[in-house]
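# Architecture at a glance
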Amino acid sequence: MTPARMAEIHAAAFAGHGQIWPEGEIAAMVAKPLIHAVTLAQDGFALVQIIPPEAELLTIAISPDAQGKGHGRALLASVMAQARIAGATRLFLEVAADNHAALALYRSTQFIQTGQRRGYYQRPGGVGVDAITFGCDLSA
């Protein structure tokens, strides 16, 4: 999947409620040796930074027309598997408290909430939204 397609999916998935990553930013990230792109056909992608024994899910995005079909769960499982193969034993992530679909996904899998950053994400109009941090043991 190209950075252009990733940017398109990211913009559609986060329109109006999140930071949208442009193509140049995505291209620069995937060029880094420690950042891995995990894709789901042309419907979704995730970027994960793996520095064993830890990994951090930087973003996960599913095209809106493909949402609600289990693709996010499948993509997350692929991310977890790739992180394990690369030697990570722990996966971390953060998600906006108003991203209810993502929160439901993480809470329904092996992730445990580890913290909260008050007002971390800025929304239009200067409204702050908390970041919820999660962790998952990949060695289990």
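Provided above is the structure to which this section pertains.
Values in this document were obtained by computation on a predicted structure and should not be read as measured data.

## Observations concerning the pattern of salt bridges
Within the structure shown, the criterion is met by three salt bridges. A salt bridge links Glu8 to Arg5, with the nearest nitrogen and oxygen atoms 2.3 Å apart. In this pair, Glu8 and Arg5 are both assigned in helix 1 (residues 3-14), three residues apart and thus about one turn of the helix distant. Here Glu8 falls in the partly exposed class, since its relative accessible area comes to 48%. Glu94 is the salt-bridge partner of Arg117, the closest N and O atoms lying 2.1 Å from each other. A residue pair is termed long-range when its members are at least 10 positions apart, and Arg117 in strand 5 (residues 112-123) and Glu94 in strand 4 (residues 90-96) qualify at 23 residues.

## Describing the sheet that holds strand 4
Pairing within the open sheet is mixed, and its six strands lie in the order 1-2-3-4-6-5. Every other strand in the sheet has two partners, leaving strand 1 (35-40) and strand 5 as the edge strands with one partner each. On average, each strand axis in the sheet is inclined to that of its neighbour by 25 degrees, with strand direction left out of account. Note that strand 2 (residues 44-51) and strand 3 (residues 54-62) share eight bridges and pair antiparallel.

## Considerations on the side chain of Asn99
Locating Asn99 in the fold gives a position in the loop between strand 4 and helix 4 (100-107). On the accessibility criterion, Asn99 (16% relative accessible area) is buried. Within the structure, the side chain of Asn99 is placed 3.2 Å from the backbone nitrogen of Ala102, a separation counted as a polar contact.

## Points about the nonpolar core
In summary, soluble globular proteins display a tendency toward joint burial of nonpolar side chains. Ranked by size, the top nonpolar core spans 28 residues in total, and within it Leu57, Leu76, Leu91, Val95, Tyr106, Phe111 and Phe134 carry the most contacts. Among the elements of the structure, strand 1, strand 2, strand 3, helix 3 (71-85), strand 4, helix 4 and strand 6 (127-137) are those that each provide at least two residues to this core. The greatest single-element share of this core, amounting to five residues, is contributed by helix 3. Discounting chain neighbours no more than four positions away, the residues touching Leu76 are Leu57, Ile60, Leu105, Tyr106, Thr109 and Phe111. The next biggest cluster of nonpolar side chains, apart from the first, holds twelve residues, and it includes Ala7, Ala13, Ile26 and Leu47.

Rules and cut-offs
- In this numbering scheme, every chain counts its residues from 1 along its sequence in written order.
- At least 70 in pLDDT is required for a residue's local features to be given in this predicted model, at least 80 for side-chain atom pairs to be given and counted, and no such filter applies to totals for whole chains, interfaces and linings, which use all residues.
- To get the side-chain values, take all heavy atoms of the structure and skip hydrogens and water.
- Whenever a carboxyl oxygen of Asp or Glu lies within 4 Å of a side-chain nitrogen of Lys or Arg, that contact is scored as a salt bridge.
- Each helix is a run of DSSP H or I of at least 4 residues and each strand a run of E of at least 2, with the numbering of both proceeding from the N terminus.
- Exposure categories follow from relative accessible area, calculated using a 1.4 Å probe and restricted to protein chains: below 20% of the type maximum is buried, above 50% is exposed, and the middle band is partly exposed.
- Each pair of strands is called paired provided DSSP finds at least two bridges between the two strands.
- Only the stretch in contact is used when fitting a helix axis, every axis being a line fitted to C-alpha atoms; angles between N-to-C directions are given from 0 to 180 degrees.
- Here a polar contact is recorded for every N or O atom pair within 3.5 Å, except that within protein the pair must consist of a potential hydrogen donor and a potential acceptor, and residues adjacent in sequence are included only if both atoms are side-chain atoms.
- Among the buried residues, those of types Ala, Val, Leu, Ile, Met, Phe, Trp, Tyr and Cys that are joined through side-chain atoms within 4.5 Å form a nonpolar core.
- The contact definition used throughout considers only heavy atoms, calling two residues in contact when any of these lie within 4.5 Å.

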